[in-house]
Amino acid sequence: MTQTSQPPQGGEHFVETVQCIGAWRVVMLWPLGSAQGGPRSITIEPDAEGGHQEIARGITTTVLRKVDIAAGAVEAASLAPFAQLGRQAVEDLQRQKIEQFRQGLTTLPEGLSDEYLAVISNLYVHFVDAGQRAPIAELEVWTGGKQATLKGHLRAARQRGFLTKVEGKAGGQLTEKATAVLRRIEHGAGAEEV
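What you are looking at is a predicted structure, and each value in this text was computed from that prediction instead of being measured.

S.K.: Sorry, what's going on with the overall build of the protein here?
M.R.: Scanning the protein from terminus to terminus reveals 7 helices and 4 strands. For the protein, the proportion of its 194 residues judged to be buried stands at 34%. A fraction of 47% describes how many contacts in the protein between residues 6 or more apart in sequence connect residues 24 or more apart. Accessible area of the protein: about 11700 Å², with a carbon and sulfur share of 52%.

Now the structure itself:
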């Protein structure tokens, strides 16, 4: 039993295969595009229809010996072309969103306007909250700006009261001032894309 492509985790896409062994469900994640090697992760969990006594005994060595990694690899390889199509669709959608965002930025007043700083701060907080390890690098992808320049813009956003500061690490929260500007942009003409 196999499921389809998984959403990217840390920028990487996976194919998920599932094997049912007694009362257990074995889920393997295979990196998309990897022609050889084993799964990136194996998770063994109780199957929804598994026997309560077998589950109560726990995962035994017999269950572990029955995990068929070779069969999982064959199954993952057969699904790879379909998963690749899914990955391409996700990447295409992401490119469209980035282009729309960049077009929305062009509708804002030029320079380090309140609107620009609120939008950039909002995007930065979104990346931090989503667990991005390098939110400035992701901000660079979305804006087309250089990381050093964007760091300066975030510094200006903090100084002008749009973004709170977190000592020694990435992060911060939008201030009420930033939220008010974002609401104004949302209701203004021509800025709906941002």
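S.K.: Sorry, what's going on with the side chain of glutamate 138 here?
M.R.: Checked against the element boundaries, glutamate 138 lands in helix α5 (residues 135-143). Despite its burial, glutamate 138 pairs with no opposite charge; the closest candidate is arginine 102, at 9.8 Å N-O.

S.K.: Explain α5 to me, please; I cannot follow it from the model alone.
M.R.: Helical periodicity: at 3.6 residues per turn, an α-helix aligns residues three or four positions apart in one direction. When we look at burial in α5, the residues that qualify are Pro135, Ile136, Glu138, Leu139, Trp142 and Thr143. Projected onto a plane normal to the axis of α5, the buried residues spread over an arc of 155 degrees and lie on a single side. Positive phi appears at glycine 144, one or two residues downstream of α5, with a value of about 85 degrees.

S.K.: Where do I start with the side chain of glutamate 115 in this structure?
M.R.: Along the chain, the position of glutamate 115 falls in helix α4 (residues 114-129). The buried category is assigned to glutamate 115, whose relative accessible area is 17%. Sequence-distant contacts of glutamate 115, defined by excluding residues within four places in its chain, comprise Leu108, Pro109, Val181, Arg184 and Ile185.

S.K.: Would you mind showing me how to read the pattern of salt bridges here?
M.R.: Once the charged atoms of two side chains with opposite charge are near each other, the side chains can pair. If you walk through the whole model with that rule in mind, you get 4 salt bridges. In this structure, the salt-bridge partner of glutamate 45 is arginine 25, at a minimum N-O distance of 2.8 Å. In this pair, glutamate 45 sits in strand β4 (residues 41-46) while arginine 25 sits in strand β3 (residues 24-31), placing the two residues 20 residues apart along the sequence. What makes glutamate 45 partly exposed here is its relative accessible area of 31%. Its salt-bridge partner being arginine 184, residue glutamate 115 comes within 3.0 Å of it at the nearest N-O pair. On the criterion of sequence distance, the pair formed by glutamate 115 in helix α4 and arginine 184 in helix α7 (residues 176-187) is long-range, its members being 69 residues apart. Given a relative accessible area of 48%, arginine 184 falls into the partly exposed group.

S.K.: I'm lost on the packing of aromatic side chains in this one. Help?
M.R.: Each aromatic ring pair is specified by the distance between its two centres and by the angle formed by the two planes. Tallied over the full model, the rule gives 2 aromatic pairs. With a centroid separation of 5.8 Å and an interplanar angle of 75 degrees, the aromatic rings of phenylalanine 101 and tryptophan 142 are classed as edge-to-face. Residue phenylalanine 101 is located in helix α3 (residues 69-106), and its partner tryptophan 142 is located in helix α5; the two are separated by 41 residues in the primary sequence. Assigned by exposure class, phenylalanine 101 and tryptophan 142 land together as buried. With a centroid separation of 6.2 Å and an interplanar angle of 55 degrees, the aromatic rings of phenylalanine 127 and tryptophan 142 are classed as tilted. On the criterion of sequence distance, the pair formed by phenylalanine 127 in helix α4 and tryptophan 142 in helix α5 is long-range, its members being 15 residues apart. Considered together, phenylalanine 127 and tryptophan 142 belong to a single accessibility category, that of buried residues.

Rules and cut-offs
Residues numbered from 1 in each chain as written. Predicted model: local features only at pLDDT ≥ 70, side-chain atom pairs only at ≥ 80, totals over all residues. Heavy atoms only, no water. Helix = DSSP H or I, 4+ residues; strand = E, 2+ residues; numbered from the N terminus. Buried < 20%, exposed > 50% of the residue type's maximum accessible area, 1.4 Å probe, protein only. Contact = heavy atoms within 4.5 Å. Areas by Shrake-Rupley, 256 points an atom, 1.4 Å probe, with all protein chains shown as cover. Lys, Arg positive; Asp, Glu negative; His and termini not counted. Salt bridge = Lys/Arg side-chain N within 4 Å of Asp/Glu carboxyl O. Arc of directions from axis to C-beta. Phe/Tyr/Trp six-rings, centres within 6.5 Å; stacked < 30°, edge-to-face > 60°.

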